[in-house]
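Chain and residue survey
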Amino acid sequence: MSLTVEARHQLGNFSLDAAFTSDGGVTALFGRSGSGKTSLINIIAGLLKPESGRVLLDGDVIADSERRIFTPVHRRRFGYVFQEARLFPHLSVRRNLAYGRWFAGKSGSGSDFARIVDLLGIGHLLERSPSALSGGEKQRVAIGRALLAAPRLLLMDEPLAALDEARKAEILPYLERLRDDARIPIVYVSHSVGEVARLARRVVVLENGRVTASGAAAEVLSAPAATLATGRREAGVLLEGEVEGTDPTHELTTVRVGRERLRIAGVTATAGSRLRLHIAARDVMLATSRPVEISALNVLEGRILTLTSEEDGSVDVRVNCGDATIAARITRFSRDTLQLVPGKTVYAIIKSVAIDH
Amino acid sequence: MGGQPYPKRPRIGERYPLDWLAVSDAEWTAILLSLRVATVAMICSLPFALVVAMLLARGRFWGKTLLNGLVHLPLILPPVVTGFLLLLLFGRRGPLGAFFADYFGLVFSFRWTGAALACAVMAFPLMVRSIRLSIEAVDRKLEDAATTLGASPLWVFATVTLPLIIPGIIAGMIIAFAKAMGEFGATITFVSNIPGETQTLSAAIYTFTQVPGGDAGAMRLTIISIIISMAALIFSELLATFAARRVAAQ
């Protein structure tokens, strides 16, 4: 599977000029609100016709302004999950789910209906009206409705943004299962590092309508704060590790990242599965000697790679700890007091409860 | 309806010497005629009203303001003027009247069909208005969602837009029916006041008031027209409540 998107479009004062390619899996379009993410995904869907651009999927020309090709939205077979669920209020959940199946040329309640209903855990909602569902349930039904239309590509525009943290946590596992089971390429728009870190294989960073970075998720999300349009709060590194085991009495999971071991809290993952950890730079402390009698469970020894001064007086320190690079944000005062320079040995301290996964 | 005269055509005011509440055959004829005229006017104008409401709510084309003005004209013009214009256009020698008579065998002048046409034209702006407002209230994001699920524009209309505007359509139909039941000026100007053919309830009441001792008859028909209007209103409320419950907002 391969997806190529190029678009140039003027919307009032805002100009969009962006291009990216994807080779399957989840591609995240990442950036602040107003960066052009939604315009770009609408161009892929065909809901917005760009002044010029191309959309290619597996060699099929879906749209090409030069060749005057524009496949109408309803013939593209691109599933779209919107920020709000947009369920049809006059139809029951079952008929909402079945809506796209009919146009896809499938009828009745075949095996994939049961499979997708099961995947999303919405079997008990089928006879209800959309108005009787919670936000999280609505969004799961909307995802199921898009999947049941047998799409070639699934577009998701901040599907979790309208939900509170508890609902997000409820849906994320379903999205992970979807990514792993459904084998449909997904373009996922988000401004949340946590979601992107957890789901995406590739990340395309958008800022003011331009692509400022793109590449593998671990690379892009671990880049210094300046390249990320996300605001500094969430800047950090993305590590990929393997679950070694869980200590049930303390509900702690050990994850091996290269030769290092990190202990994190509140995860349900089976031993041997891959896990992505997002460690925000603001959650990492540095010490020049190994701390003792401290509550933080992860102390990694490493050498300072770089020190970058940020505009607000803070310093972004990259520490190479064996096979993992950790970013820490400290004050300039701490840098001077501890006399931190590249090559110096330091200990990075990460609280187990601060790790996003 | 052919032009066959009725075997007995009692005149308004010709009374049976019983209780004043007894409705005469002539009056029954007027009531049934009114119901028929209003029903036909309501049903026949519905598809046109739907198309025009859709154009006005969604369309972007040259002359939209003109179309809007044209549709609302019967609401603003004196009914007599509308009736006279209909006479010019749909009279036997009028351009449209001749066309319909030659190609469809449909004659409007001095027939009940003409009364239905006059009522439909007078009620048209009200029906369009009601449907247009409900179309404008439809969340277009739902239509986009349907499109991404593979529905062509026509299917989107049939499966999403139409079900969502049903309450507005019902309201429009009822208000058009009520307007048609009460229409007087344009009808009497266009097709006159012929008992059994074009004499509707309103025209019959008017005739009663023009003859000495006709007050009782006018009163009877007035009561009947109140009953019909109330029934229509209650019926529309019930339908609208039912429809609104089905399309309850999320």
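Residues numbered from 1 in each chain as written. Chains lettered and ligands numbered in written order. Predicted model: local features only at pLDDT ≥ 70, side-chain atom pairs only at ≥ 80, totals over all residues.

Here's the deal with the overall build of chain B
As a reminder, the rule being used: Numbering goes from the N terminus for both helices and strands, where a helix is a DSSP run of H or I of at least four residues and a strand is a run of E of at least two. Using C-beta atoms placed from the backbone, we call a residue buried if 20 or more other C-beta atoms fall within 10 Å of its own, exposed if 12 or fewer do, and partly exposed for counts in between. Here contacts are defined at the residue level, using C-beta atoms placed from the backbone and a cut-off of 7 Å between them.
Of the regular secondary structure elements, chain B holds ten helices and zero strands. Starting at the N terminus and ending at the C terminus, chain B contains elements arranged as α-α-α-α-α-α-α-α-α-α. Taking all 250 residues of chain B together, the buried fraction comes to 38%. Counted over contacts in chain B with a minimum sequence separation of 6, partners at least 24 positions apart contribute 73%.

A look at the overall build of chain A
Operational definition: Radius of gyration: over C-alpha atoms. The globule rule applied is 2.2 Å multiplied by the number of residues raised to the 0.38 power.
Assigned secondary structure in chain A consists of nine helices and 20 strands. By the compact-globule yardstick of 21 Å for 357 residues, chain A fits well, its C-alpha radius of gyration being 22 Å. In terms of its C-alpha atoms, chain A occupies a principal-axis envelope of roughly 65 × 50 × 35 Å. Expressed as a percentage of the 357 residues in chain A, the buried residues total 42%. Taking all contacts inside chain A whose residues are at least 6 apart in sequence as the whole, residues at least 24 apart take part in 66%.

Topic: the nonpolar core
Quick reminder of the rule: In this usage, the nonpolar core is the set of buried Ala, Val, Leu, Ile, Met, Phe, Trp, Tyr and Cys residues whose C-beta atoms join them within 7 Å. In this entry, domain limits derive from an automatic or database-based domain assignment.
Among the nonpolar cores identified, the biggest contains 156 residues, and Ile-326 and Ala-348 of chain A together with Cys-119 of chain B are the most heavily contacted of them. A per-element tally of this core places helix α5 (residues 112-136) of chain B first, with 16 residues. The residues that make up this core include at least three from each of domain 1 (3-229) and domain 2 (237-354) of chain A. When neighbours within four sequence positions are excluded, Cys-119 of chain B is seen to be in contact with Val-37, Ala-38, Ala-41, Ala-180, Glu-183 and Thr-187 of chain B.

Here we look at the environment of Leu-178 of chain A
Residue and element names in this part refer to chain A. By secondary structure assignment, the location of Leu-178 is in helix α6 (residues 165-181). Its 23 C-beta neighbours within 10 Å are what place Leu-178 among the buried residues. Residues Leu-178 and Asp-58, spaced 120 residues apart in sequence, show a C-alpha to C-alpha distance of 21 Å.

Side note on the sheet that holds strand β14 (residues 260-265) of chain A
Sheets are built from strands that pair by backbone hydrogen bonding, the pairs being arranged parallel or antiparallel. Residues and elements named next belong to chain A. Here is the rule we go by: Two strands form a pair only when DSSP identifies at least two bridges running between them. Orientation is described by lines fitted to C-alpha atoms, with helices fitted over the stretch in contact, and by angles between N-to-C directions that extend from 0 to 180 degrees.
One open sheet holds the four strands; their spatial order is β14-β13-β12-β15, and the pairing between them is antiparallel. Of all strands in the sheet, those with a lone pairing partner are β14 and β15 (274-280), marking the two edges. Strand-to-strand twist across the sheet, computed as the mean angle between neighbouring axes with direction ignored, equals 45°. In terms of strand pairing, strand β12 (residues 236-247) meets strand β13 (residues 252-257) through five bridges, oriented antiparallel. Its bridge partner lying in β13, Asp-247 is registered against Leu-252.

Some thoughts on the packing of helix α3 (residues 79-90) of chain B against α5 of chain B
Residues and elements named next belong to chain B. Counted only if it meets this: Should an angle fall under 35 degrees it is taken as roughly parallel, and over 145 as roughly antiparallel, whereas 65 to 115 is taken as roughly perpendicular and any remaining angle as oblique. Less than a right angle of anticlockwise turn of the near helix away from the far helix marks a crossing as left-handed, whereas a clockwise turn marks it as right-handed. Residue polarity follows a fixed list, in which Ala, Val, Leu, Ile, Met, Phe, Trp, Tyr, Cys and Pro are nonpolar, Asp, Glu, Lys and Arg are charged, and the others, Gly among them, are polar.
Contact pair α3 / α5: the axes reach a minimum separation of 11 Å and the direction vectors enclose 130°. Our classification of the angle between α3 and α5 gives oblique. In this structure, α3 crosses over α5, and the sense of that crossing is right-handed. Of the residues in α5, those in contact with Pro-79, Thr-82, Gly-83, Leu-86 and Phe-90 of α3 are Gly-114, Leu-117, Ala-118, Val-121 and Met-122. Residue composition of the contact of α3 with α5, by class: seven nonpolar, three polar and no charged.

Side note on the sheet that holds strand β17 (residues 298-309) of chain A
All names here are of chain A. Strand order in the open sheet formed by five strands is β16-β20-β17-β18-β19, and the pairing between neighbours is antiparallel. In this open sheet, the two strands that pair with only one neighbour each are β16 (284-287) and β19 (324-331). Here the average twist between neighbouring strands, direction ignored, is 45°. Across six bridges, β17 lies against strand β20 (residues 345-350) in antiparallel orientation. When the bridges of β20 are listed, Gly-302 appears paired with Val-346.

Digging into the packing of helix α2 (residues 64-76) of chain B against α5 of chain B
All names here are of chain B. Where α2 contacts α5, the two axes come as close as 8 Å, and the packing angle between them is 120°. Comparing the axis directions of α2 and α5 gives the class oblique. The element α2 and its partner α5 pack so that their crossing is left-handed. Note on element contacts: α5 touches α2 through Val-121, Met-122, Phe-124, Pro-125 and Val-128, opposite Val-71, His-72, Pro-74 and Leu-75. Looking at the contact of α2 with α5 residue by residue, the class counts come to eight nonpolar, one polar and no charged.

Description of the interface of chain A and chain B
Residue-level contacts link 22 residues of chain A with 18 residues of chain B. At the level of secondary structure, the elements contributing two or more residues to the side of chain A that touches chain B comprise α2 (73-76), β7 (78-81) and α3 (93-103) of chain A.

Digging into the domain arrangement of chain A
All names here are of chain A. When the domains of chain A are assigned, the result is domain 1 (3-229) and domain 2 (237-354). Computed over C-alpha atoms, the centres of domain 1 and domain 2 are 33 Å apart. When residues of the side of domain 1 that touches domain 2 are traced back to their parent elements, those giving at least two are α7 (193-199) and α8 (217-222).

Details of the pairing of β14 of chain A
Residue and element names in this part refer to chain A. Relative to β14, β13 runs antiparallel, the two sharing six bridges. In the sheet register, Val-255 faces β14, and the bridge partner there is Leu-262. Count of turn residues in the β13/β14 antiparallel hairpin: two residues, of which Gly-258 carries a positive phi of about 65°.

Here's the deal with the pairing of strand β11 (residues 210-216) of chain A
All names here are of chain A. Relative to β11, strand β10 (residues 202-207) runs antiparallel, the two being bridged by six bridges. Note that in β11 the partner of Val-203 across the bridge is Gly-215. A loop of two residues connects β10 with β11, the two strands running antiparallel in sequence, and Asn-208 in this loop sits at a positive phi of about 50°.

Regarding α6 of chain A
Residue and element names in this part refer to chain A. Filter applied, for reference: Each residue after the first adds 1.5 Å to the expected span of a helix.
Under the 1.5 Å per step criterion, the end-to-end length of α6 is 25 Å for 17 residues, consistent within 8% with the ideal 24 Å. Residues Ile-171, Leu-175, Leu-178 and Arg-179 constitute the buried set of α6. Arg-183 lies just past α6 and shows a positive phi near 55°.

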